[in-house]
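# Residue-level structure breakdown
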Amino acid sequence: MANQGIIEVEGLPEHPLDAAAHFHTVFVPRVRSMATTGGVVVILPHADHTHSAWRLAAVQELAREAVPNRVNAVEGEEEAAVSDTLFYLQSADGVTGQVFTLA
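Notes on the structure in this doc start here. Per-chain numbering applies: the sequence of each chain, read as written, is numbered from 1 onward. Local features are withheld for residues below a pLDDT of 70 in this predicted model, meaning they are given only at 70 or higher, and side-chain atom pairs are given and counted only at 80 or more; totals for whole chains, interfaces and linings count all residues. Only heavy atoms go into the side-chain values, all of them from the structure, while hydrogens and water stay out.

### Some words on unusual backbone geometry
Leave glycine aside and you will find that most residues have negative phi; peptide bonds, for their part, are mostly trans. The omega torsion of the bond from V67 to P68 falls at 15 degrees, within 30 degrees of zero and hence cis. Position of P68 relative to the elements: it lies in the loop between α2 (52-66) and β3 (71-75). Secondary structure elements follow DSSP: runs of H or I no shorter than four residues count as helices, runs of E no shorter than two count as strands, and numbering proceeds from the N terminus.

Structure, rendered in structure tokens:
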């Protein structure tokens, strides 16, 4: 199984542009740093559809930068579903640059 770090994102503003700016300022440096030594999964809180584009673009670009390591995101708060997705990603070596939105 591949090594992967986890970054839990909290405190994002409600407005998509503000949330994206906060994510890029506070969390992108952490992801980049962690991705130098292994894969990273970013856990994001649920948000409405207006946040989807910036989240996917950020994760995809971080994944491109991190090669050969992987970067993915999981969007959700339900602990069992997040845990199951993290377990899946631990063994899915070819999956990178994805945002998994959990119901």
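Past the structure itself, the notes keep going.
### Notes on the pattern of salt bridges
Put simply, a salt bridge is a Lys or Arg side-chain nitrogen that is within 4 Å of an Asp or Glu carboxyl oxygen. Taken as a whole and assessed by the stated rule, the structure comprises 3 salt bridges. Residue E65 is joined to R32 by a salt bridge in which the shortest nitrogen-to-oxygen separation is 2.8 Å. Placement of E65 in helix α2 and of R32 in helix α1 (residues 16-35) is noted, with a sequence separation of 33 residues between them. Given a relative accessible area of 41%, E65 falls into the partly exposed group. Across the salt bridge formed by R64 and E61, the nearest N and O atoms sit 3.1 Å from each other. Exposure is judged per residue with a 1.4 Å probe applied to protein chains only, and the accessible area is read against the type maximum: over 50% gives exposed, under 20% gives buried, and values in between give partly exposed.

### What about α1?
Given a rise of 1.5 Å per residue, 20 residues ought to cover 28 Å, yet the end C-alpha atoms of α1 are separated by just 25 Å, more than 12% below that figure. Here the bend at a residue means the angle between the axes of two seven-residue stretches, the one that ends at it and the one that starts at it. Roughly 45 degrees is the biggest bend found in α1, and it falls at F27, with proline P29 one to four residues downstream. Among all positions in α1, only P16, A19, A20, F23, F27, V28, V31 and A35 are buried. Buried residues in α1 make contact with β1 (4-8), β2 (39-44), α2 and β3. Here the expected length of a helix is defined as 1.5 Å per residue gap, with one fewer gap than residues. In what follows, a contact means two residues having at least one pair of non-hydrogen atoms within 4.5 Å.

### Points about helix α3 (residues 79-91)
In an α-helix there are 3.6 residues to a turn, and that puts residues three or four apart on one side. Here α3 contains 13 residues, and its C-alpha end-to-end distance of 19 Å stays within 8% of the 18 Å for a straight helix at 1.5 Å per residue. Contacts made by the buried residues of α3 are with β1, β2, β3 and β4 (99-101).

### A look at the sheet that holds β2
DSSP-based pairing: two strands are paired if at least 2 bridges between them are found. Strand order in the open sheet made by the 4 strands is β1-β2-β3-β4, with parallel pairing throughout. With partners counted over all chains shown, the strands left at the sheet margins are β1 and β4, one partner each. The sheet shows a mean angle of 20 degrees between the axes of neighbouring strands, taken without regard to direction. Examined bridge by bridge, β2 and β3 share 5 bridges and lie parallel to one another. Counterpart to V42 in the pairing with β3 is A73. Each of β2, β3 and β4 is contacted by α2, which is oriented at about 155 degrees to β3, the strand it contacts most. Axes here mean lines fitted to C-alpha atoms, for a helix over just the part in contact, with angles spanning 0 to 180 degrees between N-to-C directions.

### A closer look at the environment of E79
With respect to the element layout, E79 can be found in helix α3. Each C-alpha atom of the pair E79 and S33 lies 26 Å from the other, and the pair is 46 residues apart in sequence.

### Considering the nonpolar core
Only buried residues count toward a nonpolar core. Its members are Ala, Val, Leu, Ile, Met, Phe, Trp, Tyr and Cys residues joined through side-chain atoms within 4.5 Å. Counting 21 residues, the largest nonpolar core has F23, V42 and V71 as the members making the most contacts within it. Elements with a contribution of two residues or more to this core: α1, β2, α2 and β3. Ranked by the residues each element gives to this core, the list is headed by α1, at 7 residues. Ignoring anything within four residues of it in the chain, the contact list for V42 reads I7, V9, F23, V31, N72, A73 and V74. Core analysis: the second largest hydrophobic core is formed by 10 residues, V41, I43, V95 and L102 among them.

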